[in-house]
Amino acid sequence: MAKYGKIAVQAVRLYTNGKASSIVDAWEIVARETLSTESTQRKSCPRTTFLGVCESGIVVGVPAGEYNTMLTSNKQYGMKAIALLRRNPQFANDQTLLWEKIGNAAIKPNSQMDVITALWANGLIK
């Protein structure tokens, strides 16, 4: 599990343990504690993937809601990946293949699948 996957898992735990007022705040807190530069803390692709998936209500302990203020395709990427993982959990072992299987072979990934596979591996997807 790479850094953004760890942030996603820790953010869910921080929020569900009542140590953050929202899932958005939880991501921000963990990113600041984990990453050394502002640019990596604010990296939008993993963040919007995480918040987009959280919006749907399928992350354990996180109610559905509006968390993602940026309009991006990352929520769709995350939801497609989760649907594929539900059909074939083996894809969790290969983020590159997962990215390709959701139809993004021509697009360079930017830690979106790290977030999804970490949540999946830690049992945080309903």
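Below is a summary of the structure that appears in this document. (Residues numbered from 1 in each chain as written. Predicted model: local features only at pLDDT ≥ 70, side-chain atom pairs only at ≥ 80, totals over all residues. Heavy atoms only, no water.)

**Details of the overall build of the chain**
Thought 1: The helix and strand inventory of the chain stands at 7 helices and 0 strands.
Thought 2: Tracing the chain from N to C terminus, the helices and strands come up as α-α-α-α-α-α-α.
Thought 3: The C-alpha radius of gyration of the chain comes to 13 Å, within 12% of the 14 Å expected for a compact globule of 126 residues.
Thought 4: Counting only C-alpha atoms, the chain reaches 35 × 30 × 25 Å along its principal axes.
Thought 5: Looking at the 126 residues of the chain, the share that counts as buried comes to 45%.
Thought 6: Taking as baseline every contact in the chain between residues at least 6 positions apart, the subset at least 24 positions apart corresponds to 56%.
Thought 7: Put simply, the chain shows about 6500 Å² of open surface, and 49% of that area lies on carbon and sulfur atoms.
Thought 8: Separation of charge centres in the chain, based on 15 positive and 9 negative side chains, amounts to 5 Å. (Helix = DSSP H or I, 4+ residues; strand = E, 2+ residues; numbered from the N terminus. Rg over C-alpha atoms; globule rule 2.2 N^0.38 Å. Buried < 20%, exposed > 50% of the residue type's maximum accessible area, 1.4 Å probe, protein only. Contact = heavy atoms within 4.5 Å. Areas by Shrake-Rupley, 256 points an atom, 1.4 Å probe, with all protein chains shown as cover. Lys, Arg positive; Asp, Glu negative; His and termini not counted. Charge placed at Lys NZ, Arg CZ, Asp CG, Glu CD.)

**Some remarks on the packing of helix H1 (residues 3-16) against helix H2 (residues 23-34)**
Angle between the axes and distance between the axes are the two parameters that describe a pair of packed helices.
Thought 1: Between H1 and H2, whose axes approach to 8 Å, the crossing angle comes to 130 degrees. Viewed along their axes, H1 and H2 adopt a mutual orientation that is oblique. For the pair H1 and H2, the crossing hand works out as right-handed. Only Ile 23, Ala 26, Trp 27, Ile 29, Val 30, Ala 31 and Thr 34 of H2 make contact with H1, whose side of the interface consists of Tyr 4, Ile 7, Ala 8, Gln 10, Ala 11, Val 12, Leu 14 and Tyr 15. (Axes fitted to C-alpha atoms, helices over the stretch in contact; angles between N-to-C directions. Parallel < 35°, antiparallel > 145°, perpendicular 65-115°, else oblique. Left-handed = near helix turned anticlockwise from the far one by under 90°.)

**Some thoughts on the nonpolar core**
Thought 1: Of all hydrophobic cores here, the largest spans 39 residues; its most connected members are Ile 23, Trp 27, Phe 50, Met 113 and Leu 119.
Thought 2: Only H1, H2, helix H4 (44-55), helix H5 (74-87), helix H6 (95-104) and helix H7 (112-121) provide two or more residues apiece to this core.
Thought 3: The element best represented in this core is H1, accounting for 8 residues.
Thought 4: Those residues within four positions of Phe 50 in sequence are excluded, and the remaining contacts are Ala 8, Ala 11, Val 12, Ile 23, Trp 27, Val 115 and Leu 119. (Core = buried A, V, L, I, M, F, W, Y, C linked by side-chain atoms within 4.5 Å.)

**Re H2**
Thought 1: Between the first and last C-alpha of H2 there are 16 Å, a value that for 12 residues agrees with the 16 Å anticipated at 1.5 Å per step.
Thought 2: Among all positions in H2, only Ile 23, Ala 26, Trp 27, Glu 28, Val 30 and Ala 31 are buried.
Thought 3: Against the buried residues of H2 lie H1, helix H3 (38-41), H4 and H7. (Expected span 1.5 Å × (residues − 1).)

**Side note on the state of the cysteines**
Thought 1: By the definition in use, this model includes 0 disulfides.
Thought 2: Its sulfur unpaired, Cys 45 is 16 Å from the next cysteine sulfur, which belongs to Cys 54.
Thought 3: Judged by relative accessible area, which is 17%, Cys 45 ranks as buried.
Thought 4: Taking the relative accessible area as the measure of exposure, Cys 54 reaches 0% and is therefore buried. (Disulfide = S-S within 2.5 Å.)

**Description of the packing of H4 against H5**
Thought 1: Contact geometry for H4 and H5: axes closest at 7 Å, N-to-C directions at 65 degrees. Where H4 crosses over H5, the handedness of that crossing is right-handed. In this structure, H4 contributes Ser 44, Cys 45, Thr 48, Thr 49, Gly 52, Val 53 and Glu 55 to the contact, and H5 contributes Asn 74, Lys 75, Gly 78, Met 79 and Ile 82.

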